[in-house]
Amino acid sequence: MKPLLPLLACLLTAPLWAQFTGGRPAHDLFLAGSGYYARVTPEGKTVQTWRGGNNNDGWLLPNGHILAADGSAWEADASGKRVWRYDSPEKTGGGVYSCQRLPNGNTLIGENSTGRVFELTPQGEQLKVIQVPLNAKDRHQTLRMVRRLPNGDTLVCRSGAGIVEIYGPDLRKKWSQQIPGLAFAAVPDPAGNIYIASLDRIQLWSPKHELLWEFVGAESGLPIKNMTGLHLLPSGNLVVGCYAYGKGGIGAFEINPRKTILWRYAAPNRNRDSHMAVQLLDPALPTPNR
């Protein structure tokens, strides 16, 4: 058995390699996986990882830290050391499921367990609180992705209700769209239309509630399901992350407005089979040694 030891050691210390098919992304990909976050190069090499819990949201920040939501909201440096954390006082329903670092240094929090969306200052003060109804049938499905938009509006996905809402800076509701299925992620395009991911499909809705575009995973001819993460690129293409895609499935992909899939990704092992959030990185973000 001794000759096997060097081979085993080599396998355990070898870098993880992702599986891109059909093409490659233009830049590194940041993924929120099952129990981990990872940065993957276009060549498929995993160059950074961070441990997390039941990951729902995540960002690689310009300073090389990550901001994450996995029941708590937290920030970790490039080495994985936690440098900031927020815990919900109410755990029923799962705690914090969404986060976003704002230009003013505050952090936008989507607290699923309480149905509250608010800004949290570095000193711990809660500002601009939006309260949405708790999902009575299943507290786990009250909120998913929340985002502050450049114009000061706040985009809120009420997952179990199947509703996406926009609140103005005055905290009053100014737009609401009912969709089929669970509302997991939403992102506006430059024209003010809203892309919404609801597991089996992605839809584009106008401010006047017109359905402008729809991509249905089951109609693609590919094993695409559980679409939960959205990142809109300047080109108009979408990078999409998929939850619980399973063995042989697709964990992330890029799609253009003509519904052409430009590349597909799957994690290198069965234990990393969920990508609730996805971010195609700007090349100006810090790059680790490769």
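Refer to the structure presented above.
None of these values were measured; they are calculated from a predicted model.

### Quick look at the overall build of the protein
A tally of helices and strands in the protein yields one helix and 25 strands. Counting only C-alpha atoms and orienting by the principal axes, one finds that the protein spans roughly 65 × 45 × 40 Å. Here the protein holds 290 residues, and the buried ones make up 54% of them. As displayed, the protein offers around 13,300 Å² of accessible surface, 54% of which is attributable to carbon and sulfur atoms. Across the protein, the centroid of the 31 positively charged side chains sits 5 Å from that of the 23 negatively charged ones.

### With respect to the sheet that holds strand E15 (residues 163–167)
Strand order in this open sheet of four strands is E13-E14-E15-E16, and the pairing throughout is antiparallel. Each having just a single partner strand, strand E13 (146–148) and strand E16 (173–178) make up the two edges of the open sheet. Pairwise comparison of adjacent strand axes, ignoring direction, gives a mean angle of 15 degrees for this sheet. The pairing of E13 with strand E14 (residues 154–158) spans three bridges and is classified as antiparallel. Counted as the bridge partner of Arg147 is Leu155 from E14.

### A few points about the pattern of salt bridges
Tallying each qualifying case throughout the model produces 13 salt bridges. Arg147 is paired through a salt bridge with Asp57; the nearest N and O atoms lie 2.9 Å apart. Here Arg147, found in strand E13, pairs with Asp57, found in strand E5 (residues 57–60); they are 90 residues apart in sequence, far enough to count as distant. In this structure Asp57 comes out as buried when scored by relative accessible area, which is 2%. In this structure, Asp87 and Arg85 form a salt bridge, with 2.8 Å as the shortest nitrogen-oxygen distance. Using a relative accessible area of 35% as the deciding quantity, one classes Asp87 as partly exposed. Bridged by salt links that share partners, the residues Arg85, Asp87 and Lys91 form one connected network.

### Some words on unusual backbone geometry
Apart from glycine, the bulk of residues carry a negative phi angle, and the bulk of peptide bonds sit in the trans form. Not every positive phi belongs to a glycine, and Leu171 is a case in point at roughly 70 degrees. Structurally, Leu171 is set in the loop between E15 and E16. The class of Leu171 is partly exposed, set by a relative accessible area of 32%. In this structure, Ala244 takes a positive phi of about 45 degrees despite not being glycine. Its place among the elements puts Ala244 in the loop between strand E22 (238–242) and strand E23 (252–255). The class for Ala244 is partly exposed, based on a relative accessible area of 26%.

### What to know about the nonpolar core
If you look at the biggest cluster of nonpolar residues, it comprises 48 residues, and the most contacted ones within it are Leu29, Tyr195, Ile202, Leu238, Phe253 and Tyr265. Ignoring anything within four residues of it in the chain, the contact list for Tyr195 reads Ala185, Ala186, Val187, Asp189, Ile202, Gln203, Leu204, Trp213, Leu230, Leu232, Gly236 and Leu238. Phe30, Ala68, Ala277 and Leu285 belong to the second largest nonpolar core, which has 12 residues in total.

### Observations concerning the pairing of strand E25 (residues 277–280)
Regular strands show a simple pattern: their side chains alternate between the two faces of the sheet. Here E25 shows no split at all, with Ala277 and Gln279 on one side and Val278 and Leu280 on the other all buried. The pairing of strand E2 (residues 29–32) with E25 spans four bridges and is antiparallel. Of the residues in E25, the one forming a bridge with Leu29 is Leu280.

So, how was this worked out
Residues numbered from 1 in each chain as written. Predicted model: local features only at pLDDT ≥ 70, side-chain atom pairs only at ≥ 80, totals over all residues. Heavy atoms only, no water. Helix = DSSP H or I, 4+ residues; strand = E, 2+ residues; numbered from the N terminus. Buried < 20%, exposed > 50% of the residue type's maximum accessible area, 1.4 Å probe, protein only. Areas by Shrake-Rupley, 256 points an atom, 1.4 Å probe, with all protein chains shown as cover. Lys, Arg positive; Asp, Glu negative; His and termini not counted. Charge placed at Lys NZ, Arg CZ, Asp CG, Glu CD. Pairing = 2+ DSSP bridges. Axes fitted to C-alpha atoms, helices over the stretch in contact; angles between N-to-C directions. Salt bridge = Lys/Arg side-chain N within 4 Å of Asp/Glu carboxyl O. Core = buried A, V, L, I, M, F, W, Y, C linked by side-chain atoms within 4.5 Å. Contact = heavy atoms within 4.5 Å.

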